[in-house]
Amino acid sequence: MTERAEQTAERTPAILLSTAEIEHVIPHSWPFLLVDRVVEVDRERGYIRAQKGVTASEWFFQGHFPQMPVMPGVLQVEALAQTLGIYVGRLEEYAGQIGLFAGIDGCRFRRVVQPGDTLSLEVTITKLGRRMAKAHAIASVEGEVACETDISAIIAPEGALR
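Residues numbered from 1 in each chain as written. Predicted model: local features only at pLDDT ≥ 70, side-chain atom pairs only at ≥ 80, totals over all residues. Heavy atoms only, no water.

Break down a nonpolar patch on the surface for me, citing the residues and quoting the values.
Among the surface-exposed residues, F65, M68 and V112 lie close enough to one another that they form a single nonpolar patch of about 270 Å² accessible area. One can find V112 in the loop between strand 3 (98-109) and strand 4 (118-128). (Patch = residues over 30% accessible without salt bridge, like charges linked within 9 Å, V, L, I, M, F, W, Y side chains within 5 Å. Areas by Shrake-Rupley, 256 points an atom, 1.4 Å probe, with all protein chains shown as cover. Salt bridge = Lys/Arg side-chain N within 4 Å of Asp/Glu carboxyl O. Helix = DSSP H or I, 4+ residues; strand = E, 2+ residues; numbered from the N terminus.)

Encoded structure:
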């Protein structure tokens, strides 16, 4: 392996869940599935890290903004909420249930997200009960925070969306 290939391998985390596997956990699909892969889960810390590869062909760039494409902040928050949903949906005690986005507090946007960026989505659970999940969430690009917020989800019973 070349030195460049070794450096790339070190920076590229293993994929724990692919897009197809994520679609079995949360009810989102293209074009609204905003998480491409899960790369880290630490149940002891209540932590999950996922990624979204932001491409020039994203549907939202057609109008936001044609001369300077910027990923809408609300979609960054949605990607974080989907990541929370994946974390909860993979826990055995919540099998068959889904997390429905319920709240957002203290949201701040600090960097634009543009085509070519890989958005890192980090969610750390701060409270998890039978019917509610709360978490601190950070979306970043190359270690630079793009969005930081506290989010919450109602854990809906099995079949709630069917």
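Summarise the environment of C147; cite the residues concerned and give the values.
Here C147 is to be found in strand 6 (residues 144-156). When its relative accessible area of 0% is taken as the criterion, C147 is described as buried. Measuring from C-alpha to C-alpha, the distance between C147 and A135 comes to 14 Å, with 12 residues separating the pair along the chain. With near-sequence residues (within four places) excluded, C147 lies in contact with Q76, V77, L80, C107, R108, F109, A137, I138 and A139. (Buried < 20%, exposed > 50% of the residue type's maximum accessible area, 1.4 Å probe, protein only. Contact = heavy atoms within 4.5 Å.)

Just give me the short version of the nonpolar core, but keep the residues and values in it.
Formed by 40 residues in total, the largest nonpolar core has its most connected members in I22, M71, L80, L84, I86, L119 and L121. Secondary-structure elements contributing two or more residues to this core are strand 2 (47-53), helix 3 (73-89), strand 4, strand 5 (132-141) and strand 6. Per-element tally for this core: the top contributor is helix 3, with 8 residues. The contact partners of L119, leaving out residues within four places of it in the chain, are A50, Q51, K52, V54, M71, Q76, V113, A139, S140, V141 and A146. (Core = buried A, V, L, I, M, F, W, Y, C linked by side-chain atoms within 4.5 Å.)

Explain the pattern of salt bridges to me, using residue names and the numbers behind them.
Following the criterion strictly, the structure yields 6 salt bridges and no others. Between E40 and R49 there is a salt bridge whose closest N-O contact spans 3.2 Å. Judged by its relative accessible area of 27%, E40 is partly exposed. Put simply, R111 and D117 hold a salt bridge, and the shortest N to O gap is 3.2 Å. A relative accessible area of 23% means that R111 is categorised as partly exposed. Look at D117 and you get buried, because its relative accessible area is 15%. Salt bridges sharing partners connect three or more residues here, namely E40, D42, R45 and R49.

Go over the sheet that holds strand 5 with me, naming the residues and quoting the values.
The strands making up a sheet associate through backbone hydrogen bonding, with each pair oriented either parallel or antiparallel. The sheet built from 6 strands is open, its strands ordered 1-2-4-5-6-3 with antiparallel pairing. Only two strands of the sheet have a single neighbouring strand rather than two, namely strand 1 (37-42) and strand 3. Neighbour to neighbour, the strand axes of the sheet diverge by 25 degrees on average, direction disregarded. (Pairing = 2+ DSSP bridges. Axes fitted to C-alpha atoms, helices over the stretch in contact; angles between N-to-C directions.)

How would you explain helix 3 if you had to name every residue and give the values?
Because each turn of an α-helix spans 3.6 residues, side chains separated by three or four positions in sequence point in the same direction. With 17 residues, helix 3 extends 24 Å from end C-alpha to end C-alpha; this agrees with the ideal 24 Å at 1.5 Å per step. For helix 3, the tally of buried residues reaches 15 of 17 residues, placing the bulk of the element in the interior. (Expected span 1.5 Å × (residues − 1).)

Explain the side chain of D117 residue by residue, including any values.
Examined against the element boundaries, D117 turns out to sit in the loop between strand 3 and strand 4. Among the polar contacts listed, one links the side chain of D117 to the side chain of R111, at a separation of 3.2 Å. Side-chain polar atoms of D117 contact the backbone nitrogen of Q114, separated by 2.8 Å. D117 has contacts with K52, G53, V54, R111, V112 and V141, leaving out every residue within four places of it along the chain. (Polar contact = N/O pair within 3.5 Å; in protein donor to acceptor, adjacent residues only side chain to side chain.)

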